[in-house]
Structures are given as C-alpha cells and as structure tokens.
Amino acid sequence: AQTVTQSQPEMSVQEAETVTLSCTYDTSESDYYLFWYKQPPSRQMILVIRQEAYKQQNATENRFSVNFQKAAKSFSLKISDSQLGDAAMYFCAYRSVGDDKIIFGKGTRLHILP
Amino acid sequence: DVKVTQSSRYLVKRTGEKVFLECVQDMDHENMFWYRQDPGLGLRLIYFSYDVKMKEKGDIPEGYSVSREKKERFSLILESASTNQTSMYLCASSLRFNEQFFGPGTRLTVL
C-alpha cells in the first residue's frame, strides 16, 4: 500500500523568505500523481500544484515549485517570496493512475512571520 | 468555478443523536468523497461514491453510512453520534481520475 509522510508538523518562515516543505512517499508503482494542497485557516482546501511521475520536469506555479526526486521518492514544495497569505496547513498527497482516491500526508502547518 | 458546499460550518449534537451532513456540488462530478480531518492524523477517507447509489468504504467507515440519491448530493450519516466522532468533516468531488475540489468543512462537536 502507498504511504505519504510529512516529517515536519510545523514550520515558520520570515515574510519574503523562501521555505521548503518536505514530503516522502512509498510506492511500487512507476506512474502516479503527486499533489500539494493548501488549507488556509477556516477556508477551503485548494490544489496548489501537481506533478505527473512520468514527467521529469519539476512543476511550477508562480511562487510555488516542487523538487521531484523519483528515485528517492521525495516531493518537496518550495515557496519563494513567502507572503502572509501563504500561512496554512499544507498536505502532500498521492494518487495512483486509474484510481480516484487520494492518499494524504498528515500535513505541515506553515507560519509566516511578519 | 467549481463549487462544493456543505450544509453547516458548525454543528453541535448530543451523544446518540442521528446526524446528517450534506454536501452538494454543482459541476456534474461523478465522484464524491467524505473525509474526516483530525490534528496530527491528516485527512482520512470515510466513504467514496463514484456514481449515484454507488459507494465504497474508505479507511474509517465504522460508525458512518452514506447516501447518494442524486448526482450532485452526497450525505454522510452518523446513525448514533458518539463523542469520538467530534471532528472536522470535509466533502470533496471530482471527475473520474481528476483533481478533487473541497467544500469548506463542517466542524462537528458531539457532547
């Protein structure tokens, strides 16, 4: 069975700095999808970024980028120029190709220090 | 924009009560999901529905049931609420093999 591990329950970063959230996963599959979801306080969870495992190029969405290391089964999220609105719980998630269900990590709560 | 709505943001119930949590999506998605979110445990799947009247157990279905009579609506039912079901409940929907869109959540307290 696949598992997703986020080893940092909480992190803090100074506003305008860069922060990296870690995620590792375990799978025997060769093709799959990885996601980072953001859940701001008292607001809806939204998808930040997704990565297809067959693509070697790391996904990027504005200030958010990932470092996908397939062999190491690592999928970290880098947030550049951190803003107060980035404060949230971040979940790393895995989905097999051909499966509708997503496996979530336990989350990392990110604090932005003004 | 995809919209997933949940009937209540906050709900307080008593032990033994029957509780209904409703979720509605407006994007004609085939799939709908109910998750439970607890601190330190992340999101855990309770039930999943891939079509009207179709359902599949998730990781923690005990103490819960679901109903999907219409494509846009997915209900989570606590037949006899217990204090250990105090939690945040999240609903989500998606097209087949696609991104999930989440509702705002219902924070349920069982006294």
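Provided above is the structure to which this section pertains.
Since the model is a prediction, treat every value here as computed from it, not as a measurement.

K.L.:
Help me out: how do you make sense of the overall build of chain A in this one?
P.N.:
In terms of regular secondary structure, chain A is built from 0 helices and 12 strands. For chain A, the α and β elements follow one another from N to C terminus as β-β-β-β-β-β-β-β-β-β-β-β. Computed over its C-alpha atoms, the radius of gyration of chain A comes to 14 Å, within 12% of the 13 Å expected for a compact globule of 114 residues. Relative to its 114 residues, chain A shows a buried fraction of 46%. Across chain A, every contact between residues at least 6 apart in sequence was considered, and the portion connecting residues at least 24 apart equals 55%. For chain A, the exposed surface amounts to about 5,600 Å²; the carbon and sulfur share of it is 45%. Positive and negative side-chain charges in chain A, numbering 12 and 12 respectively, have mean positions lying 2 Å apart.

K.L.:
Honestly, the pattern of salt bridges in this entry has me stumped. Any pointers?
P.N.:
A side chain with one charge may pair with a side chain of the opposite charge, provided their charged atoms come close. Taken as a whole and assessed by the stated rule, the structure comprises 13 salt bridges over all chains. A salt bridge links D26 of chain A to K73 of chain A; its shortest N-O distance comes to 3.6 Å. In this pair, D26 of chain A is assigned in strand β4 (residues 24-26) and K73 of chain A in the loop between β8 (64-69) and β9 (74-79), connecting sequence segments 47 residues apart. Owing to a relative accessible area of 40%, D26 of chain A belongs among the partly exposed residues under this scheme. Here D100 of chain A makes a salt bridge to R96 of chain B, at a shortest N to O gap of 2.7 Å. Placement of the pair is D100 of chain A in the loop between β10 (88-96) and β11 (103-104) and R96 of chain B in the loop between β9 (87-94) and β10 (101-102), with the two residues belonging to separate chains. Overall, the relative accessible area of 3% leaves D100 of chain A in the buried class. Through salt bridges with shared partners, a single ionic network connects R50, E52 and K55 of chain A.

K.L.:
Teacher, can you tell me more about the side chain of E52 of chain A here?
P.N.:
Here E52 of chain A lies in strand β6 (residues 46-52). Ignoring sequence-local partners within four residues, the contact set of E52 of chain A consists of Y32, Y33 and F68 of chain A.

K.L.:
Is there a simple way to explain the state of the cysteines in this structure?
P.N.:
Covalent bonding between the sulfur atoms of two cysteines defines a disulfide. With the rule as written, the count across this model stands at 2 disulfides over all chains. The disulfide that involves C23 of chain A links it to C92 of chain A, with 2.0 Å between the sulfurs. The sign of the -70° torsion about the S-S bond sets the C23 of chain A-C92 of chain A disulfide as left-handed. Here C92 of chain A lies in strand β10 and C23 of chain A lies in the loop between β3 (19-21) and β4, a separation of 69 residues in the sequence. At a sulfur-sulfur separation of 1.8 Å, the disulfide partner of C23 of chain B is C91 of chain B. Taking the sign of the S-S torsion, about -80° here, the bridge from C23 of chain B to C91 of chain B comes out left-handed. Of this pair, C23 of chain B sits in strand β3 (residues 19-25) while C91 of chain B sits in strand β9; the two residues are 68 residues apart in sequence, bridging distant segments of the chain. Each member of the pair, C23 of chain B as well as C91 of chain B, is classed as buried.

About the cut-offs
- Residues numbered from 1 in each chain as written.
- Chains lettered and ligands numbered in written order.
- Predicted model: local features only at pLDDT ≥ 70, side-chain atom pairs only at ≥ 80, totals over all residues.
- Heavy atoms only, no water.
- Helix = DSSP H or I, 4+ residues; strand = E, 2+ residues; numbered from the N terminus.
- Rg over C-alpha atoms; globule rule 2.2 N^0.38 Å.
- Buried < 20%, exposed > 50% of the residue type's maximum accessible area, 1.4 Å probe, protein only.
- Contact = heavy atoms within 4.5 Å.
- Areas by Shrake-Rupley, 256 points an atom, 1.4 Å probe, with all protein chains shown as cover.
- Lys, Arg positive; Asp, Glu negative; His and termini not counted.
- Charge placed at Lys NZ, Arg CZ, Asp CG, Glu CD.
- Salt bridge = Lys/Arg side-chain N within 4 Å of Asp/Glu carboxyl O.
- Disulfide = S-S within 2.5 Å.

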